[in-house]
Amino acid sequence: MDKVKEIVSEINNGNPKPIYFLMGEEPYYIDRISQYIAENVLTEDEKGFNQMVLYGKETAVDEVVSNAKRFPMMAQYQVIVVKEAQHLSRTIENLVPYAENPQPTTILVLCYKYKKLDKRKKLYKAIKKSGELFESKKLYDNQVADWIRRTLANKKYKISPKSCVMLVEFLGTDLSKINNELDKLTLIVPPTTEITPELVEEHIGISKDFNNFELKKAIGERNVKKASRIMDYFAQNPKDNPFVVTITLLNTFFTQLLQYHGLKDHSPGNVAKVLGVNPYFVNEYVVAAKNYPMKRVSGIISSLRTLDLKSKGVGANNMAQTDLLKELLFEII
């Protein structure tokens, strides 16, 4: 995120690079940077003659270079954005001669999603010298909640830890998808408001009571009645609550609980750091550790792996989600 701010700052200060090679597994920042350049370098009057969008599926490197070598018309720069540039991967090294001597009045933006350049190749070295190489890395699951918090903080909003977890569990780690939902919230909710589970439930449609976060908490507390109610809800709404998400989250939880048992320092700060969780949730591990000794946790993890295989048809023939959930609860509690 700091690198994104640095790129934006350079552009705002009138010092854009002649080449921006945006690559990596996370498309969100690639889209945001390319969009910012397309919207802010040229005025609306200048864009008509000096801004062009090409698509990797429909163009070739030679055509990109040919357009990049043109001079701008009545403007300081021309902007060329190549979307889906990953489709040029077989011939992308043909860009080397241009990258070694780029047209200073052209800003060439290549959106190379889901792939990255080989650092050993000439193109990587040439662009690193003459332009900007930006790698957009996929965030880990435990980093997304903090990303949500910082994104909302930049917009003058707060969000509760539980609300963050609800969003991550429901929307996954796709930052574009999450950002779209955050935009909906910020259009409805006034600034400085804290985003609560109730607001998430009302405006995004995620149940604050029947979700994997609440299931994990109920299981940690050995609250069989509450866990059963949540699982019944999952069984009735399998499309919104896929079994693979539930078992993955519980496997992560019990793996972290095993780590917790092995810690010598059980202070909240150390637990949060080692397990990679928000300090707000540390007490859940304290409670669960009392209910599930280390030996029992090891057995549960083994059972979860077996059940995961069953859900994929290994050792069981097309088990319904209802049956999988019942066996899951039985094996744990």
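Scroll up to find the structure.
To start, this report covers the structure provided alongside it. Computed from a predicted structure; not experimentally measured.

## Overview of the overall build of the chain
From N to C terminus, the chain includes 17 helices and seven strands. Sequence separation of at least 24 residues holds for 75% of the intrachain contacts in the chain that already meet a minimum separation of 6. Summing over all exposed atoms, the chain offers an accessible surface of approximately 17700 Å²; the carbon and sulfur share of this is 51%. Charge centroids of the chain, computed over 47 positive and 40 negative side chains, lie 6 Å from each other.

## Observations concerning the packing of helix α13 (residues 243-262) against helix α14 (residues 268-275)
For the pair α13 and α14, interaxial distance at closest approach is 10 Å and the crossing angle is 135°. As far as their axial angle goes, α14 and α13 are oblique. As α13 packs across α14, the resulting crossing turns out to be right-handed. Here α13 contributes Gln256, Gln259 and Tyr260 to the contact with α14, which in turn contributes Val271, Val274 and Leu275. Its residues assigned to classes, the contact of α13 with α14 comprises four nonpolar, two polar and no charged.

## Things to note about a nonpolar patch on the surface
A contiguous nonpolar surface patch, about 390 Å² in accessible area, is contributed by Phe49, Met73 and Met74. Note on placement: methionine 73 falls in the loop between α4 (61-68) and β3 (78-83).

## Some remarks on the sheet that holds strand β2 (residues 51-55)
Pairing in this open sheet of five strands is parallel, and the strands run β2-β3-β4-β1-β5 from one edge to the other. Unpaired on one side and paired on the other, β2 and β5 (132-135) mark the two borders of the sheet. Taken over all neighbouring pairs, the strand axes of this sheet differ in orientation by 15° on average, direction set aside. Packing against the sheet, helix α1 (residues 2-12) makes contact with β1 (19-24) and β5, and its axis sits at approximately 150° to β5.

## Thoughts on unusual backbone geometry
Within the chain, lysine 156 stands out as a residue other than glycine whose phi angle is a positive 70°. The topology assignment puts lysine 156 in the loop between α7 (141-154) and β6 (158-159). A positive phi angle, near 70°, is found at threonine 192, a position not held by glycine. Since its relative accessible area comes to 65%, threonine 192 is described here as exposed.

## As for the environment of threonine 105
By secondary structure assignment, the location of threonine 105 is in the loop between α5 (96-100) and β4 (106-113). The spacing of threonine 105 and proline 16 is 89 residues in sequence and 9.9 Å in space, taken between C-alpha atoms.

## Description of the layout of surface pockets
In this structure, the largest pocket encloses a volume near 1200 Å³. Along its surface, the largest pocket is lined by 40 residues, and Asp141, Val165, Val168, Glu169 and Leu249 are the ones closest to its centre. For the lining of the largest pocket, the secondary-structure elements that each account for two or more residues are α7, α8 (161-171), α11 (212-220), α12 (224-236) and α13. If one sorts the elements of the lining of the largest pocket by residue count, α8 sits on top with seven residues. Class assignment of the residues belonging to the lining of the largest pocket gives a composition of 20 nonpolar, 14 polar and six charged.

Cut-off values and rules
- Residues numbered from 1 in each chain as written.
- Predicted model: local features only at pLDDT ≥ 70, side-chain atom pairs only at ≥ 80, totals over all residues.
- Heavy atoms only, no water.
- Helix = DSSP H or I, 4+ residues; strand = E, 2+ residues; numbered from the N terminus.
- Contact = heavy atoms within 4.5 Å.
- Areas by Shrake-Rupley, 256 points an atom, 1.4 Å probe, with all protein chains shown as cover.
- Lys, Arg positive; Asp, Glu negative; His and termini not counted.
- Charge placed at Lys NZ, Arg CZ, Asp CG, Glu CD.
- Axes fitted to C-alpha atoms, helices over the stretch in contact; angles between N-to-C directions.
- Parallel < 35°, antiparallel > 145°, perpendicular 65-115°, else oblique.
- Left-handed = near helix turned anticlockwise from the far one by under 90°.
- Nonpolar A, V, L, I, M, F, W, Y, C, P; charged D, E, K, R; others polar.
- Patch = residues over 30% accessible without salt bridge, like charges linked within 9 Å, V, L, I, M, F, W, Y side chains within 5 Å.
- Salt bridge = Lys/Arg side-chain N within 4 Å of Asp/Glu carboxyl O.
- Pairing = 2+ DSSP bridges.
- Buried < 20%, exposed > 50% of the residue type's maximum accessible area, 1.4 Å probe, protein only.
- 1 Å grid on protein atoms, 1.4 Å probe; cavity = no way out; pocket = protein on both sides within 12 Å on 5 of 7 lines; lining within 4 Å.
- Points joined across faces, edges and corners; volume = space filled by probe spheres on them.

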